[in-house]
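Listed below are the residues making up each chain.
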2 protein chains.
Amino acid sequence: MSQAMRAWRPASCALRLRKVSRPYSAATTLRYPLQKPKAIAELLHKNEASDDVQIDGWVRSVRKQKRVAFIALGDGSAIDPLQAVLKPEQAAELSHGTAVRLRGSWEPSQGGKQSFELQTKEVAIQGANDAESNPLQPKFQTAEYLRTIPHLRPRIPANALLLRLRSQVIASLTRWFGEQDFVQTHTPIITSSDCEGAGEVFTISSNASKDSPQKSEPEDQAQVEHFFRSPKYTTVSSQLHLEALAQAVNRVWTLSPTFRAEKSDTARHLSEFYMLEAEQCFVSDLNAVMDVVEGMMRAVVNDLTASKLSQELLRAREASAKETDTDDHVATNVANLEERWQGIVSADAWPRITYSEAINELNKAGFSLAYESGLETEHERWIAQHLGQGRPVFVRNYPAIQKPFYMLPNASGGRIRGTDTVACFDLLVPDLAELVGGSLREHRPRELLEAMQKKGLAGGNLDWYHDLRKYGSVPHGGFGLGFDRLLCYLSGVGNIRDVVAFPRWYGRCEC
Amino acid sequence: MSQAMRAWRPASCALRLRKVSRPYSAATTLRYPLQKPKAIAELLHKNEASDDVQIDGWVRSVRKQKRVAFIALGDGSAIDPLQAVLKPEQAAELSHGTAVRLRGSWEPSQGGKQSFELQTKEVAIQGANDAESNPLQPKFQTAEYLRTIPHLRPRIPANALLLRLRSQVIASLTRWFGEQDFVQTHTPIITSSDCEGAGEVFTISSNASKDSPQKSEPEDQAQVEHFFRSPKYTTVSSQLHLEALAQAVNRVWTLSPTFRAEKSDTARHLSEFYMLEAEQCFVSDLNAVMDVVEGMMRAVVNDLTASKLSQELLRAREASAKETDTDDHVATNVANLEERWQGIVSADAWPRITYSEAINELNKAGFSLAYESGLETEHERWIAQHLGQGRPVFVRNYPAIQKPFYMLPNASGGRIRGTDTVACFDLLVPDLAELVGGSLREHRPRELLEAMQKKGLAGGNLDWYHDLRKYGSVPHGGFGLGFDRLLCYLSGVGNIRDVVAFPRWYGRCEC
């Protein structure tokens, strides 16, 4: 009890309270353990008749005949609908999209498609449904059109499936990282600096911080009173903060929103996206970081292929392949999708090649790349396609000049053709190219300071990051995985704008 | 393979690739399943001698005697340190904070405090440590001072413990919501509107969007080219977007960062904080929403009290109580902390009282509140303290005028003293007051439109939200829980700035 509370409390209070001991207990209604409502997915697996079944859902389609009506009912728990048999008059007010609560009996089906169906006794419409003016119609609509109605498109069964995929992958990761003694953390979104010392950032400002009475006047920079005293930005990576937390508990990870104010217009980039990042201490060998990436992705795909979601994803791909889509994304067919999963859980470890070897292979294959030139997306795709043979491919030891200041240089043995390399890797997969980037971090205070000075980052907002090396520094490394890209890769969805419920990119922020 | 890739691909490529089948397999080094490093927590529980043990950690203290030295070693996995016995010369270069790798034998201890200790054979210092200039000294330092060094303070064992608590609670929630068929989702951070139709928001802007060559000129609003075409903000709540996703999969939840640009300076508010929000469809009874809140928190505390974390939290509270802290937060003693947990998992359900009953009880206790006046924090604290008797208290059916536009009005029976009420609740706990807020949502299109019009929200950025009621609307409800506040409540930490690793509030955004 706070000081303020003590001050007013009447002397007789304790006494009176004893008399009204738990006055409201009797009125409570907790039903615990909770009874969760029956999902359609569960009922579809029930091959046993049942007299009294109640099920909730949205009508996907209505088919009315003279003496009988059929509706397909969905609730997002399964890509398949439940078939309910109604009297035509019960279906009179139902249309595509209507939310209903049905009661009836679960009985062997007369028809062929499903083994059981609901013989409906009661139909209770739950709310309004103006099916005709619904921008989401039960027919083929282009991906580009659907992106204009992100508040409605999750209702398409294949999109609801992507929501469930995201949820299941998060659950797999949470379990796996816990088993590996990684501590899940929440790193800040509002930060003082961008991680790479480059990259376009979004700036944060607040009207609450402007105390001037002349709010409508144009202001120059000097006049602005910053909410946080100085300019702040939405984060481009959790890495630097994660490194601070790793020095407290050794191994940390986060799944956190990150931002780039880039005018990209591709199937692989968003302005707001989830990044999975992890850091581990007491690590001097880049292989240990790659082991975590590979182990993590194997665990996710093992869980996926062991679940019914995998079969649903394959059926969704099959259905999607039949539709004509003018979208420019690379369509993934069913066979490719299974190959992707098999490649990830392959009995053979994933290839780990050097940047230098990658350049050699590319040139042997007909490219003509200088060592220093760097890998473009098309090169990364080629590497993944041809050197991985179905498996993701790690490419490591890039020239230092291509990489950010915080990466650990390789010892002199890593110097190739007169160029310094850093202990880093990119993980490349077919079609999507880069999925993960990681490195050992420069943990020596003097060397880090020099690297920061070269980039003009010393003596500023990143002094705290240099501090981490001054007090109890330790060799460490980590990585960042584009989480939405991973979902694209696992689901075969070709455009990242379609695996994120409310995607944001240049000029586009619907809802 | 993309069109661009096909174009350049040499004809002989397929043939050649078959020859170099999996050329890099032999060079790979995946150690799978992963060998995770031994944590100190694990070793401390090992009451069995072992010849060859390797352990990593940071030196918490060094005690040197003539013929022997003792170090206390921590790695964040346990609040207790491991004791290692060294020769004095092995400890010569060690000081508070040094990262080391030790090898030795695990043997029964000679001393009294621990049953086993490490007889150290090898000491390998891992990196630089300037212990004397370290802003984080191994002595009492005020909470306010520690907030100025958020990049270092997680290394304090009690703070590392809070990182592990957060991680464990996230894991409990992920498991529990999964069992309850709730789908975990990622809602957007950048949004077009604030949720409540009030509240201070942070505005997002980007230099990348300003194409004008005269960047240094003052700009008025009309000249600014917005990155997303119109002004955008960091979200104040995921609720509205969650409602859209609930209509796809019925039950959804998210644990997501939210933002308030408020100039609050309290122990309970931050400008950036994590909110756990959930929505469920086909629900017409507010009790169903409260059941989820209560069930969820019971699951979290059951997991907590079954884990070693609970004992560590109690010990941390005990140690903290011994320190003199000038901070203004309400200290929670050990007994109170256990009572809090017991209150949550109480055999009796939590009280569910109406707003009207709450006002009556307050006035009986000596307050003098008008029905319309609303509950201030001190009233909420009183209710939690006196009516819950250790348990959290739900207060429901507040006057509509005090609440946001989207809440469902109670039927005429809910009208009290001439005032309309809404089907909502706040969950109140001692000291912290409001922890959760929830309601049924207005799902009728006409009524929602009227409510939006009253608040001046119709015809604008929230039209998409109204759309949700036009097509397949359904009774639904949900809640939002202040996740960082929950961690305060579970840990007994009095100030929210100390359970968040990098807290942001008015004027403060370190690192």
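As shown above, the structure is provided for reference.
Residues numbered from 1 in each chain as written. Chains lettered and ligands numbered in written order. Predicted model: local features only at pLDDT ≥ 70, side-chain atom pairs only at ≥ 80, totals over all residues. Heavy atoms only, no water.

Engineer: What's the story with the overall build of chain A in this structure? I'm lost.
Structural biologist: What chain A contains, in helices and strands, is 14 helices and 16 strands. Counting all 511 residues of chain A, 58% fall into the buried class. Of all intrachain contacts in chain A linking residues separated by at least 6 positions in sequence, the fraction that spans at least 24 positions is 69%. As presented, chain A carries roughly 20400 Å² of accessible surface, and 48% of it is formed by carbon and sulfur atoms. (Helix = DSSP H or I, 4+ residues; strand = E, 2+ residues; numbered from the N terminus. Buried < 20%, exposed > 50% of the residue type's maximum accessible area, 1.4 Å probe, protein only. Contact = heavy atoms within 4.5 Å. Areas by Shrake-Rupley, 256 points an atom, 1.4 Å probe, with all protein chains shown as cover.)

Engineer: Just to check I follow, could you spell out the relation of the copies chain B and chain A for this structure?
Structural biologist: Related by rotation about an axis and a shift along that axis, the two copies of the chain form a pair. Relative to chain A, chain B is turned by 180 degrees and slid 0.0 Å along the rotation axis, the superposed coordinates differing by an RMSD of 0.0 Å. A rotation of that kind, with that shift, is consistent with a two-fold axis. In terms of proximity to the rotation axis, the leading residue of chain B is I204 of chain B, whose C-alpha is 2.6 Å off the axis. A shared interface surface links the copies, since 100% of the contact residues of chain B are contact residues in chain A too. (Least-squares fit on C-alpha atoms with pLDDT ≥ 70 in both.)

Engineer: Looking at this structure, how should I read the interface of chain B and chain A?
Structural biologist: Interface size, as often reported, equals the accessible area lost upon joining of the parts. Contact with chain B, which involves 158 residues of that partner, is made by 159 residues of chain A. Taking both sides of the interface into account, the surface hidden between chain B and chain A amounts to around 13500 Å²; carbon and sulfur atoms contribute 60%. The interface formed by chain B and chain A contains two salt bridges. For D181 of chain A, the salt bridge goes to K36 of chain B, with nearest N and O atoms at 3.6 Å. At the boundary of chain B with chain A, the tally comes to 42 residue pairs in polar contact (both at pLDDT 80 or more). In terms of residue count, helix α5 (residues 157-179) of chain B provides more of the side of chain B that touches chain A than any other element does, ten residues in total. Tallied by class, the residues present in the side of chain B that touches chain A amount to 72 nonpolar, 44 polar and 42 charged. When strand β8 (residues 202-206) of chain A meets strand β8 (residues 202-206) of chain B, the two strands line up antiparallel, connected through five bridges. (Buried area = accessible area lost by both parts, 1.4 Å probe. Salt bridge = Lys/Arg side-chain N within 4 Å of Asp/Glu carboxyl O. Polar contact = N/O pair within 3.5 Å; in protein donor to acceptor, adjacent residues only side chain to side chain. Nonpolar A, V, L, I, M, F, W, Y, C, P; charged D, E, K, R; others polar. Pairing = 2+ DSSP bridges.)

Engineer: Explanation requested: the pattern of salt bridges in the structure shown.
Structural biologist: Here the idea is simple: oppositely charged side chains can pair when their charged atoms come close. Taken as a whole and assessed by the stated rule, the structure comprises 58 salt bridges over all chains. The partner of R446 of chain B in a salt bridge is E447 of chain B, with the nearest N and O atoms 3.5 Å apart. Relative accessible area serves as the criterion here: at 22%, E447 of chain B is assigned to the partly exposed category. What you see here is one network of salt bridges that share partners, running through E144, R147, R153, D498, R508 and E510 of chain A.

Engineer: What is the right way to read the sheet that holds strand β15 (residues 433-441) of chain A from this model?
Structural biologist: The pairing of strands in a sheet comes from backbone hydrogen bonds and takes either a parallel or an antiparallel form. Residue and element names in this part refer to chain A. Taking strand neighbours across the sheet as the criterion, the eight strands line up as β6-β10-β11-β16-β15-β14-β13-β12 in an open arrangement whose pairing is mixed. The strands lining the two open edges of the sheet, one partner per strand, are β6 (183-184) and β12 (352-354). Contacts from helix α10 (residues 355-364) reach β12 and β13 (393-396), with the element oriented near 85 degrees to β12. (Axes fitted to C-alpha atoms, helices over the stretch in contact; angles between N-to-C directions.)

Engineer: I'm lost on the packing of aromatic side chains in this one. Help?
Structural biologist: Remark: the centre distance and the inter-plane angle together describe each pair of aromatic rings, the angle taken between the planes. Scanning all chains against the criterion turns up 36 aromatic pairs over all chains. Between F405 of chain B and Y406 of chain B, the ring centres sit 5.5 Å apart and the planes meet at 75 degrees, which makes this aromatic pair edge-to-face. Exposure remark for F405 of chain B: the relative accessible area of 4% places this residue in the buried category. Members of the aromatic cluster, connected to one another through ring pairs, are F405, Y406, W464 and Y465 of chain A together with F502 of chain B. Above the ring of Y398 of chain A, the side-chain terminus of K403 of chain A is found at 4.4 Å from the ring centroid. (Phe/Tyr/Trp six-rings, centres within 6.5 Å; stacked < 30°, edge-to-face > 60°. Lys NZ or Arg CZ within 6 Å of the ring centre and 35° of its normal.)

Engineer: Explanation requested: empty space enclosed by the protein in the structure shown.
Structural biologist: Here the idea is plain: a probe the size of a water molecule rolls over the atoms and shows the empty space left. Residue and element names in this part refer to chain B. A complete count under the given rule lists seven cavities of 30 Å³ or more for this structure. Forming the boundary of the largest cavity are 23 residues, of which R166, V499, V500, A501 and F502 lie nearest the centre. With four residues, α5 is the largest single contributor of residues to the lining of the largest cavity. Split by residue class, the lining of the largest cavity holds 13 nonpolar, four polar and six charged. (1 Å grid on protein atoms, 1.4 Å probe; cavity = no way out; pocket = protein on both sides within 12 Å on 5 of 7 lines; lining within 4 Å. Points joined across faces, edges and corners; volume = space filled by probe spheres on them.)

Engineer: Which parts of the structure should I look at to understand the sheet that holds strand β15 (residues 433-441) of chain B?
Structural biologist: All names here are of chain B. Here we have eight strands laid out as an open sheet, ordered β6-β10-β11-β16-β15-β14-β13-β12, and mixed in their pairing. Either end of the sheet is taken by a strand with one partner, and the two such strands are β6 (183-184) and β12 (352-354). Two elements, β15 and strand β16 (residues 476-482), share six bridges in a ladder whose sense is antiparallel. Within the sheet, the bridge partner assigned to G438 lies in β16 and is F479. Set on the sheet, helix α11 (residues 377-387) makes contact with β12, β13 (393-396), β14 (424-429) and β15; between it and β14 the angle comes to about 70 degrees.

Engineer: Would you take a moment to explain the pairing of β8 of chain B for this structure?
Structural biologist: The side chains of a regular strand alternate, first on one face of the sheet and then on the other. All names here are of chain B. Most of β8 sits out of view: four of its five residues are buried. Pairing geometry for β8 and strand β9 (residues 232-234), over two bridges, is antiparallel. Bridge pairing links T203 to Y233 in β9.

Engineer: Explain helix α10 (residues 355-364) of chain B to me, please; I cannot follow it from the model alone.
Structural biologist: Y355, S356, A358, I359, E361 and L362 of chain B are the residues of α10 of chain B that are buried. Note on α10 of chain B: the residue one or two positions beyond its end, G366 of chain B, has a positive phi of about 115 degrees.

Engineer: How should the side chain of R469 of chain B be read in this particular structure?
Structural biologist: Residues and elements named next belong to chain B. One can find R469 in helix α13 (residues 463-470). Classification of R469 as buried rests on a relative accessible area of 1%. Here the side chain of R469 touches E442 through a polar contact of 2.8 Å, landing on its backbone oxygen.

Engineer: So what exactly am I meant to see when it comes to the side chain of Q141 of chain B here?
Structural biologist: Residue and element names in this part refer to chain B. Looking at the secondary structure, you find Q141 in the loop between β5 (116-125) and α4 (143-146). Separated by 3.2 Å, the side chain of Q141 and the backbone oxygen of P135 make a polar contact. Side-chain polar atoms of Q141 contact the backbone nitrogen of Q137, separated by 3.1 Å. Aside from chain neighbours lying at most four places away, what touches Q141 is P135, L136 and L146.

Engineer: Please clarify how the pairing of strand β14 (residues 424-429) of chain A should be interpreted in this entry.
Structural biologist: All names here are of chain A. Most of β14 sits inside the fold, with six of its six residues counted as buried. Going residue by residue along β14, you find C424, D426 and L428 tucked away on one face and F425, L427 and V429 tucked away on the opposite face as well. Pairing geometry for β13 and β14, over four bridges, is antiparallel. Residue pairing in the sheet places V393 in a bridge with L428 of β14. Pairing between β14 and β15: six bridges, direction antiparallel. Within the sheet, the bridge partner assigned to L427 lies in β15 and is V436.

Engineer: It is not clear to me how helix α12 (residues 445-454) of chain B should be interpreted in this structure. Could you clarify?
Structural biologist: For an α-helix, the turn length of 3.6 residues means that residues three or four places apart are oriented alike. All names here are of chain B. Buried residues of α12: L448, A451 and M452, and no others. One side of α12 holds all its buried residues, which, seen down the axis, span an arc of 100 degrees. Facing away from the buried side of α12 by over 90 degrees, the exposed positions are R446 and K454. Turning to α12, the residues buried within the fold contact α13. At the C-terminal side of α12, G456 shows a positive phi close to 70 degrees. (Arc of directions from axis to C-beta.)

Engineer: What exactly am I supposed to notice about the packing of α10 of chain A against helix α11 (residues 377-387) of chain A here?
Structural biologist: Axes are the key here: two packed helices are described by the angle between their axes and the distance separating the axes. Residue and element names in this part refer to chain A. Running from N to C, α10 and α11 cross one another at 85 degrees; their axes reach a closest spacing of 11 Å. Here α10 lies roughly perpendicular to α11, going by the angle between them. Here A358, E361 and L362 of α10 lie close against α11, whose contacting residues are H379, W382, I383 and L387. (Parallel < 35°, antiparallel > 145°, perpendicular 65-115°, else oblique.)

Engineer: For this particular structure, what's the right way to read unusual backbone geometry?
Structural biologist: Excluding glycine, most residues fall at negative phi; most peptide bonds, likewise, are trans. Residues and elements named next belong to chain A. One non-glycine residue, F282, adopts positive backbone phi at about 60 degrees. As for its position among the elements, F282 is in the loop between β11 (272-281) and α7 (286-306). Classification of F282 as buried rests on a relative accessible area of 7%. Its identity is not glycine, yet D431 carries a phi of approximately 70 degrees, on the positive side.

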